[in-house]
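Architecture at a glance
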Amino acid sequence: MIENRPILNMVSHAVLIFGVIIVALPIWITFVAATHDPVRMTQAPIPMLPGGYFWENFKQTLFGGGLSGTESAPVWRMLLNSLMMALMISFGKIAISLLSAFAIVYFKFPFRMGFFWLIFITLMLPVEVRILPTFEVVADLGMLNSYWGLSIPLIASATATFMFRQVFLTIPDEMLESARIDGAGPLRFFWDILIPLSRTNIAALFVILFIYGWNQYLWPLLITTETDMTTIVMSIKQMLEAAEQSPQWNIIMMTALLAMIPPVFVVVAMQRLFVQGLTETDK
Amino acid sequence: MASITMKDLVKAYGDVEVLHHVEGEIEDGELIVIVGPSGCGKSTLLRMVAGLETITSGEISIGDKVVNNLEPADRDIAMVFQNYALYPHMSVRENMAYGLKIRKISKDEIDQRVREAADILEIGQYLDRKPRQLSGGQRQRVAMGRAIVRNPQVFLFDEPLSNLDAKLRVQMRLEIRKLQQRLGVTSIYVTHDQVEAMTLGDRLMVLNGGYVEQFGTPIELYDRPATLFVAGFIGSPSMNFLPATATNGLLTLGNGASVTGANHANGAITLGIRPEHLVHDENGPIKISVQMFEQLGANTLMHGVLDGTDNDIVASMPGHVTAGEGSVMSFSVEASNLHVFDATSGKRIEE
Ligand SMILES: Nc1ncnc2c1ncn2[C@@H]1O[C@H](COP(=O)(O)OP(=O)(O)OP(=O)(O)O)[C@@H](O)[C@H]1O
Ligand SMILES: [Mg+2]
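Here is a short report on the structure shown in this document. This structure is a prediction, so every number in the text was calculated from the model and none was measured.

Here the focus is the nonpolar core. The biggest cluster of nonpolar side chains holds 53 residues, and the ones touching the most others in it are F168 and I193 of chain A. Among the elements of the structure, α4 (75-106), α8 (158-170), α9 (173-182), α10 (186-197), α11 (199-214), α13 (232-242) and α14 (249-279) of chain A together with α2 (92-102) of chain B are those that each provide at least two residues to this core. Ignoring any residue separated from it by four or fewer positions in sequence, one finds F168 of chain A in contact with L98, A101, F102, V105, Y106, L194 and S198 of chain A. Grouped together as the second largest cluster of nonpolar side chains are 43 residues, I110, L161, M172 and L204 of chain B included.

Right, here's the structure in full:
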């Protein structure tokens, strides 16, 4: 719409600014809290302007023992664990769902649609529903407290399989036929044609899956018992309860701040592809 | 280079047979056009030659090798698709080189072949563009280029020009013909456009409902159509058909007028007369009550009905004719230009 009405402009700006404030205020408070000393954070009006302890808090959180008086891993270790888990989940999910969508769309085998619906039905079984049997299996396989245990049970993905199936269905049959005439075998076709053509969808999915993996809470909580393997999202919660004394907000908030950085980085880095992937229809 | 032989070819999807016992022999270097209305099985036949559809029964050989069980890539063919099917993420150069790369041809030779093909097709300056940055006509050329670089024994075209505008279509038609003659590659070309078929093909295979109606040169098809279907399909405007009764060669029309044919047919027949063979003649036996004229510039199409009946009839008259709507005009036809078909089977009755 191209309209030139000053009042309308002002109103729409006001609405947008209001929205930004609502979204940004908690983040601002997190940031401010991370820049004060522990004592200041327990006093009555919480500060709204940054203090001078940013670097100290930063160092203590990232490399030190984190909270004083507890035995948790340094936050860099948690960040690393979370990163490994999120990356393994997102790469694993993408690889597996690309392959299963490829099989379902391009190969004729008995019970093809049966398999498709089987995959589809798993949509109704998220980790939370099957958590006890899954735990049992993972424990029996000796994968507790390992990256494998953190990621493998979350890797199968009906949503992503379904999405790639739709993407592949929009690719004209002639593409496959002309590749066959060119002499490309199935894997070559997959690698040279399908993957590049789904590039933007893969990127969009990666962003979503990375954040999904990063934000996992219940599952890591259940299967990690060693402090070395804890992930950052679950630790924030634990920090609140762990210490006997009142919560050390400056450290907790700094941890939260650090926990936000990788997802933000992924979103910013993939932004262009992400938007293309969601809007582009031209194949 | 190679000939193509189709023997007793049948294609069925489940219980539905869509191609019935197709026979055909295509000689080395020939350009064959498969033509017919939509859904008659043209693409299916072409794709069976390409190896993209399985063969239900029968045999296809390219050269002297039976190719029934060969993968498309092993048949030494190249195909141009209706929507071009270029790989959108590859540049023009990569599109043309892809098949060669898979065949592990050396980089220098690929470069050289791509450049040669690009020169022939005049797409040298677009080599680094993506297909989406090209016009329809340019994409068409790239698709042809992709076929040429492979240096195949057979070219297969499935309605390659139907996405282009009328003028470009005529131009590309000529270019395809020249290119094919220059390279001397055996080709099969599918179209539903009979003008394209007539101008392009050394021979035409007319398909209807999965049956081969006739397989011959354009002139044979025009002069001696084997069936009513071919007679109506080839030629524009299409042939007039009039029900008539034959008694030993004398053909009596619905209004009682009679013309003398060149054969000795008897019984109920359908008489076919091409519009351009109706000659205005004061003493002619065929009386037409005129309804309307269509001016084409070089000639005039007269639309009317056979006087006294409701059989529509069209005559193509040279020059400009304007006066006479509502009147009755007389025409004559040379005996050799009368086509006589059996009224029930639709087959041509020979002299
Ligand atoms: N996969 C299929 N399953 C069943 N029937 C099919 C299948 N593919 C094609 N047919 C049928 O086979 C017949 C021939 O199809 P084909 O595509 O060869 O027609 P065509 O002559 O190329 O038509 P057009 O000019 O519209 O492209 C059609 O009647 C079509 O319905
Ligand atoms: Mg077709």
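In this section: the sheet that holds strand β6 (residues 77-80) of chain B. Where strands meet in a sheet, backbone hydrogen bonds hold them as pairs that are either parallel or antiparallel. All names here are of chain B. Ordered by their spatial adjacency, six strands build an open sheet running β6-β7-β8-β3-β9-β10, and the pairing between neighbours is mixed. Only two strands of the sheet have a single neighbouring strand rather than two, namely β6 and β10 (211-216). For this sheet the average axis-to-axis angle between neighbouring strands, irrespective of direction, equals 15°. As defined by bridge partners, strand β3 (residues 31-35) adjoins strand β8 (residues 186-191) across five bridges and the pair is classed as parallel. What sits directly across from V35, in β8, is T191.

Enumeration according to the criterion identifies 14 salt bridges over all chains in this entry. For the salt bridge of R150 of chain B with D182 of chain A, the shortest nitrogen-to-oxygen distance reads 3.4 Å. Separated into two different chains, R150 of chain B in the loop between α4 (136-149) and β7 (154-158) and D182 of chain A in helix α9 make up a pair that spans both. By the burial criterion, R150 of chain B is buried, and D182 of chain A matches it. In this structure, the salt-bridge partner of E53 of chain B is R47 of chain B, at a minimum N-O distance of 3.2 Å. R47 of chain B shares its class with E53 of chain B; the two are buried. Salt bridges linked by common partners bring E177 of chain A together with K11, R47 and E53 of chain B together as one network.

So, on to the site of ligand 1. All names here are of chain B. In the vicinity of ligand 1, the residues found are Y13, V18, S38, G39, C40, G41, K42, S43, T44 and E159. The separation between an oxygen atom of ligand 1 and a polar side-chain atom of K42 is 2.8 Å. Compared with its free state, where it exposes 640 Å², ligand 1 has 56% of that area covered by protein. At three residues, helix α1 (residues 42-50) tops the list of elements feeding residues into the shell around ligand 1. Of the residues contributing to the shell around ligand 1, the split by class is three nonpolar, five polar and two charged.

A few words on the side chain of N311 of chain B. You can see N311 of chain B is positioned in the loop between β17 (299-306) and β18 (312-318). Filtering out sequence-adjacent residues up to four positions away, N311 of chain B remains in contact with L242, P243, G304, V305 and L306 of chain B.

This part takes up the environment of F135 of chain A. All names here are of chain A. Inspection of the secondary structure assignment puts F135 in helix α6 (residues 131-140). Placed 38 residues apart in sequence, F135 and S97 show a C-alpha to C-alpha distance of 23 Å. Discounting residues that sit within four places of it in the chain, F135 has contacts with L144, W219, L222 and I223.

Calculation rules
Residues numbered from 1 in each chain as written. Chains lettered and ligands numbered in written order. Predicted model: local features only at pLDDT ≥ 70, side-chain atom pairs only at ≥ 80, totals over all residues. Heavy atoms only, no water. Core = buried A, V, L, I, M, F, W, Y, C linked by side-chain atoms within 4.5 Å. Buried < 20%, exposed > 50% of the residue type's maximum accessible area, 1.4 Å probe, protein only. Helix = DSSP H or I, 4+ residues; strand = E, 2+ residues; numbered from the N terminus. Contact = heavy atoms within 4.5 Å. Pairing = 2+ DSSP bridges. Axes fitted to C-alpha atoms, helices over the stretch in contact; angles between N-to-C directions. Salt bridge = Lys/Arg side-chain N within 4 Å of Asp/Glu carboxyl O. Near = heavy atom within 4 Å. Polar contact = N/O pair within 3.5 Å; in protein donor to acceptor, adjacent residues only side chain to side chain. Areas by Shrake-Rupley, 256 points an atom, 1.4 Å probe, with all protein chains shown as cover. Nonpolar A, V, L, I, M, F, W, Y, C, P; charged D, E, K, R; others polar.

Coordinates in, geometry out; function isn't part of it.
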